[in-house]
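Observations on the model geometry
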Amino acid sequence: GISDPVVDHLIERALRAPDYVSLVTAARALDRVLLFGYYMIDLGYAPGARIAYWDRFGKPQGQKLFQVGFPELWWFDEAKDARIRSSSGGPRP
């Protein structure tokens, strides 16, 4: 559903990459473009449903190269939570 000629071009470059290095380069460029666009994947919420997001999670310093995932890679970050709570409109306990 994204109507963006840059996204289309980068997808085409990734699909037609002649080698691994070209594929990685195109995929990283596509990733940057998509992250910059702040796209949201619609998970089927009802029209008018409100969705809120607060970045209250962090990652450890010096992660191992291979890890399974949750809970090793994500955890509640008290400093981020305190910053959110001190701002107006942040989540309340």
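Parameters and conventions
Residues numbered from 1 in each chain as written. Predicted model: local features only at pLDDT ≥ 70, side-chain atom pairs only at ≥ 80, totals over all residues. Heavy atoms only, no water. Helix = DSSP H or I, 4+ residues; strand = E, 2+ residues; numbered from the N terminus. Buried < 20%, exposed > 50% of the residue type's maximum accessible area, 1.4 Å probe, protein only. Contact = heavy atoms within 4.5 Å. Patch = residues over 30% accessible without salt bridge, like charges linked within 9 Å, V, L, I, M, F, W, Y side chains within 5 Å. Areas by Shrake-Rupley, 256 points an atom, 1.4 Å probe, with all protein chains shown as cover. Salt bridge = Lys/Arg side-chain N within 4 Å of Asp/Glu carboxyl O. Expected span 1.5 Å × (residues − 1). Polar contact = N/O pair within 3.5 Å; in protein donor to acceptor, adjacent residues only side chain to side chain.

This paragraph deals with the overall build of the protein. Scanning the protein from N- to C-terminus turns up 3 helices and 2 strands. Start at the N end of the protein and walk to the C end: the helices and strands fall as α-α-β-β-α. A buried classification covers 16% of the 93 residues belonging to the protein. Pairs at least 24 apart in sequence give 30% of the contacts found in the protein among residues at least 6 apart.

The topology assignment puts Asp81 in helix α3 (residues 78–86). Beyond its immediate sequence surroundings of up to four residues, Asp81 is in contact with Arg56 and Phe76.

Together, Tyr20, Val21 and Leu23 line one region of the surface with nonpolar side chains, adding up to about 340 Å² of accessible area. One can find Tyr20 in helix α2 (residues 20–37).

Below, the discussion takes up α2. Taking 1.5 Å per residue as the helical rise, α2 with its 18 residues ought to reach 26 Å, and the 26 Å between its terminal C-alpha atoms agrees with that figure. Buried within α2 we find Val24, Ala26, Ala29 and Leu30. Those residues of α2 that are buried lie in contact with α1 (5–15). At the N-terminal end of α2, a side-chain oxygen is found 3.3 Å from the backbone nitrogen of Val21, two or three residues along, and the residue is Asp19.

Mapped onto the secondary structure, Leu30 falls in helix α2. Judged by relative accessible area, Leu30 falls into the buried class, the value being 15%. Every residue in contact with Leu30, bar those within four places of it in the chain, is listed here: Val7, Leu10 and Ile11.

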